[in-house]
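Residue-level structure breakdown
One letter stands for each residue in the lines below.
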Amino acid sequence: MNDAQSLQRAIEEPVRLVDYDSAWPACFEAERGRLLKRFSAELIDVQHIGSTAIPGMPAKPIIDVMAGVASMAMADALFEPILDYGYVTSIEFNASLTDRRWFMRHANGRRTHHLHVVVHDGELWHQRLAFRDALRADPIQATRYAALKRELASRHQADREAYTQAKGEFVRLVIAQ
């Protein structure tokens with residue numbers, strides 16, 4: 001499979017959850033180190049977010065990385081350098097985003113990493129960390145979220161955006177608490 005074929009398969013990859021993998025934190029740390037080595041002056045902090053950051057949580061086996069920068073102007077300035085560093089993205093999708101820039105790494109036809117470049121200490125930064133930390137601290141909420149994810153993955157297997165949007169109300173409720 002060539003790179004173009006791998007990318008196309010990764011883009012079309014269905015929503016598939018797997019059981020928690022204890023290797024995910026190390027995968028994050030490796031990517032965090034790689035990003036900080038290349039962008040040490042631009043990145044204020046790099047955090048592991050998403051379901052792979054919550055012990056015991058079933059997840060799509062994609063490491064979600066949140067990189068904090070000083071401003072959206074800095075996020076935009078990093079756009080091409082991040083692409084040159086092994087990530088790909090959708091220009092159209094990013095054009096619809098006002099609070100972040102989104103990138104993806106892939107290998108062998110599957111997504112391996114999502115990179116969300118956001119304003120450090122901004123609203124989205126705090127929301128993503130609040131959600132992660134709430135589920136890490138509350139096993140009952142984490143169990144509810146896991147059940148919801150399984151149901152939605154079954155229902156929206158072929159539509160990643162619908163899957164993500166369907167989790168939105170639960171995420172908002174957890175953050176509000």
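All values reported here derive from a predicted model rather than from experimental measurement.

Some words on empty space enclosed by the protein
To locate leftover empty space, one rolls a probe as large as a water molecule over the atoms. Counted under the stated rule, the structure contains one cavity of 30 Å³ or more. Volume-wise, the largest cavity comes out at about 40 Å³. Surrounding the largest cavity, Glu 13, Pro 14, Arg 16, Lys 60, Pro 61, Ile 62 and Arg 160 form its lining. For the lining of the largest cavity, the residue count by class is three nonpolar, no polar and four charged.

Brief notes about the packing of aromatic side chains
Per the stated rule, a full pass over the model turns up six aromatic pairs. For the pair Phe 39 and Tyr 85, a centre-to-centre distance of 5.6 Å together with 80° between the ring planes defines the contact as edge-to-face. Placement of Phe 39 in the loop between α2 (24-38) and β1 (45-49) and of Tyr 85 in the loop between α4 (79-84) and α5 (91-95) is noted, with a sequence separation of 46 residues between them. Since its relative accessible area comes to 1%, Phe 39 is described here as buried. Take Tyr 85: its relative accessible area is 22%, and that puts it in the partly exposed class. When the ring of Phe 93 is compared with that of Trp 102, the centres are 5.6 Å apart and the planes differ by 85°; the resulting orientation is edge-to-face. Residue Phe 93 is classed as partly exposed on the basis of its relative accessible area, which comes to 25%.

Structural notes on the layout of surface pockets
Quantified by volume, the largest pocket comes out at close to 1200 Å³. Contributing to the lining of the largest pocket are 41 residues, with Arg 100, His 116, Arg 128, Thr 164 and Lys 167 lying nearest its centre. Within the residue set of the lining of the largest pocket, elements represented by two or more residues are α1 (3-11), β3 (100-107), β4 (110-119), α6 (123-137), α7 (139-155), α8 (160-166) and α9 (168-176). Class assignment of the residues belonging to the lining of the largest pocket gives a composition of 18 nonpolar, 11 polar and 12 charged.

The rules behind these values
Residues numbered from 1 in each chain as written. Predicted model: local features only at pLDDT ≥ 70, side-chain atom pairs only at ≥ 80, totals over all residues. Heavy atoms only, no water. 1 Å grid on protein atoms, 1.4 Å probe; cavity = no way out; pocket = protein on both sides within 12 Å on 5 of 7 lines; lining within 4 Å. Points joined across faces, edges and corners; volume = space filled by probe spheres on them. Nonpolar A, V, L, I, M, F, W, Y, C, P; charged D, E, K, R; others polar. Phe/Tyr/Trp six-rings, centres within 6.5 Å; stacked < 30°, edge-to-face > 60°. Helix = DSSP H or I, 4+ residues; strand = E, 2+ residues; numbered from the N terminus. Buried < 20%, exposed > 50% of the residue type's maximum accessible area, 1.4 Å probe, protein only.

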